[in-house]
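Survey of secondary and tertiary structure
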Amino acid sequence: QGNGAPSSLDRRLVVVSNRIPLSWVQEGGHLTTKPSSGGLISALEPLLKAHGGLWVGSAGSEDSAEIREQLESAAKQHAYRYTPVFVTADEQVNYYEGFSNEVIWPLFHDLQSRCVFEPRYWDFYQRVNRKFAEAALAETEQRDVIWVHDYQLLQVAHFFREQRPEACVAFFLHIPFPAPDIFEKLPWRRQILEGLLDYDLIGVQTARDERNLIACLRGFLPHYKIMGRGRRHSVLGPQGETRIEAMPISIDYRDFARGASADTVVERMASIQKQYPGLHIAIGIDRLDYTKGIPERLRAFRALLRDHEEYRRKITLMQVVVPSRENIPRYQELRSQIEQLVSSINGDFSEPGWTPIEYMHHSVPREELLAMYRSADIALITPLKDGMNLVAKEYCTAHVENSGVLILSEFAGAAPELGAGAILVNPYDEVGVACALRQAIEMEPRERHQRMLRLRRQIRNADILGWRDHFFAALENLPERKAAQA
Ligand code: GDG
């Protein structure tokens, strides 16, 4: 258990997120459930499995007896239940693809030129946030702790409080919070900030996110009283008091380390390594997303092969790109851009018996993922901006023999925690990233070992249990919201 903080909450936990961790595919005239992957799911699933409770989230666009049955039977396998929310096709386009992914996502990742500030998106965003709030209201009681997650649901507390002003509603933002000079571009900046202050507790990933959020509150809501400093603040406004804390998310360290040590994983690792005799394997695993810096990474890899001939036939980059947000045109364009780059680099540098980049555009099962992590001498994790980046923590944890080198973007939320053991890079600096690759290849085994040991200790000491305890401890100390203040 982390930090000596309380490890269990005696109230029911209700998680609200954009999606529940299941999706459906039509197979042979039947609906089949399929687990989904992604950072939020990786973090919350073990927590709900251990703690029990309820998970409210979208389960597609149409309600059906078949879906309800499958949710019931999935719930029987663990200690928590699902409350599905059905998001219509129109809502999906405007609330999810539109406001969430063409406004908030790029803006909060400092990529304002990619934003589409379409007023219709905002109307839908509010409508669907209300829908989620109502679904949660229908299934919960006053004593429950409602824990809303991520940028798609910033306004849920606002609608929830209209019905239940004294409830305990907390929030965690998985993505970064931008600085005021970026946030100010948002036409609905005031409503978003006021909506956030309807939460009792807001958790963000890093001290920098907290600083940015506080600076935005000071700048755009100057009449609110802000107290505290460092990683803990309180904001007093007409709606009541909101606590803000940085609580970096993590992974289930023990479970990952145990999984990575399984015989099947070790066997698979050996067979992957056999396919690349005498080669250094670098790995990249990302959802298909422009924030992950995949084209920039490929260009850096090309620079290494172009400018340092001696590294040709010495290294292979295994790049897994997991399909994501496939209906959004920008994501389709990104896929073609990545595939063109992979094919041109492979075309320029391949030789019989050596392909510079092994590219996969599909997700891989967990055991395969663990075997890939363990086979890789180097992890090349270079997001342009990232809330945390769990892949970095998973890679290190899987390296149970303390081998492996982590190259990490200084703009990942994981950088402050992992910076001492990783090689930090600026993902925009092609030459710098190529240089880090050389440093990783040439690193003495002793230094490798020391750095990895340090990384793994850090992750073990601040794992997902610590994150959960941090959240639960913060809840214990919250002042009550009075109905009259709402
Ligand atoms: C958001 C924030 C923040 C990936 N491919 C496969 C697979 N995965 C799993 C990884 C990891 C997760 O998905 C990805 O997590 P990240 O944290 O790297 O990234 P996002 O999905 O963008 O997550 C991020 C996170 O939320 C948590 O707060 O860290 O900054 O953007 O767990 O293992 N899992 C399997 N097969 C795959 O092919 N089984």
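In this text, all values refer to a predicted model and were calculated from it rather than measured experimentally.

1. Observations regarding the overall build of the protein
- Counting its regular elements, the protein contains 18 helices and 17 strands.
- Computed over the C-alpha atoms, the radius of gyration of the protein is 23 Å, within 12% of the 23 Å expected from 2.2 N^0.38 for a compact globule of 486 residues.
- Overall size of the protein, expressed as C-alpha extent along the three principal axes, is 75 × 55 × 45 Å.
- Across the 486 residues in the protein, those meeting the buried criterion constitute 46%.

2. Quick word on helix α1 (residues 39–51)
- In this model, α1 (13 residues) spans 19 Å end to end at C-alpha, consistent with the 18 Å of a helix rising 1.5 Å per residue.
- For α1, the set of buried residues is Leu40, Ser42, Ala43 and Leu44.
- On the buried face of α1, the contacting elements are β1 (13–19), β6 (145–149), α14 (390–398) and α18 (464–476).
- Positive backbone phi, at 80°, marks Gly52, one or two positions downstream of α1.

3. Thoughts on the site of the ligand
- In the neighbourhood of the ligand, 25 residues make up the surrounding shell, with Gly39, Ser42, Ser363, Gly387 and Met388 lying closest.
- Secondary structure elements with two or more residues in the shell around the ligand: α1, β12 (280–287), β13 (315–322), α13 (366–375) and α14.
- Sorting elements by how many residues they give to the shell around the ligand places α1 first, with four residues.
- Taken together, the residues of the shell around the ligand sort by class into 12 nonpolar, nine polar and four charged.

4. Overview of the pairing of strand β14 (residues 357–360)
- Two elements, β13 and β14, share four bridges in a ladder whose sense is parallel. Residue pairing in the sheet places Gln319 in a bridge with Tyr359 of β14.
- Regarding the hand of the β-α-β motif, the stretch spanning β13, helix α12 (residues 329–349) and β14 is right-handed.

5. Observations concerning the sheet that holds strand β4 (residues 53–58)
- Strands sit in the order β5-β4-β1-β6-β7-β8-β11-β10-β9 across an open sheet of nine strands; the sheet is mixed. At either end of the open sheet lies a strand with only one pairing partner, and these are β5 (80–85) and β9 (225–229). The mean angle between the axes of side-by-side strands here comes to 20°, regardless of whether they run parallel or antiparallel.
- Taken together, the five bridges between β9 and strand β10 (residues 232–237) define a ladder with antiparallel strand orientation. By the bridge assignment, Lys225 is partnered in β10 with Leu236.
- Against the sheet, α18 makes contact with β6, β7 (168–172), β8 (201–204) and β11 (240–246), and its axis sits at roughly 155° relative to β8, the strand it touches most.

6. Some points on the pairing of β1
- Extensive coverage of β1 is indicated by the burial of seven of its seven residues.
- Two elements, β1 and β4, share four bridges in a ladder whose sense is parallel. Paired with Val14 across the strands is Leu54, a residue of β4.

7. Focus on the confidence of the model for the protein
- Summary statistics for the protein give a mean pLDDT of 93 and a share of 97% for residues scoring 70 or more.
- Every residue in residues 1–7 is under pLDDT 50, and counting partners more than four places away or in other chains gives 19 contacts.
- Predicted complex metrics record ipTM = 0.99 and pTM = 0.95.

8. Examining unusual backbone geometry
- The residue Asp110 is not glycine, and still its phi comes out positive at about 65°.
- Mapped onto the elements, Asp110 comes out in the loop between α3 (89–108) and α4 (119–139).
- In this structure Asp110 comes out as partly exposed when scored by C-beta crowding, with 14 C-beta atoms within 10 Å.
- A positive phi angle is found at Asn389, which is not glycine, with a value near 95°.
- Mapped onto the secondary structure, Asn389 falls in the loop between β15 (378–381) and α14.

Cut-offs and rules
Residues numbered from 1 in each chain as written. Predicted model: local features only at pLDDT ≥ 70, side-chain atom pairs only at ≥ 80, totals over all residues. Helix = DSSP H or I, 4+ residues; strand = E, 2+ residues; numbered from the N terminus. Rg over C-alpha atoms; globule rule 2.2 N^0.38 Å. Buried ≥ 20, exposed ≤ 12 C-beta atoms within 10 Å, placed from the backbone. Expected span 1.5 Å × (residues − 1). Contact = placed C-beta atoms within 7 Å. Near = placed C-beta within 6 Å. Nonpolar A, V, L, I, M, F, W, Y, C, P; charged D, E, K, R; others polar. Pairing = 2+ DSSP bridges. Right-handed = clockwise from strand over helix to strand, strands pointing away. Axes fitted to C-alpha atoms, helices over the stretch in contact; angles between N-to-C directions. pLDDT = per-residue confidence, 0-100.

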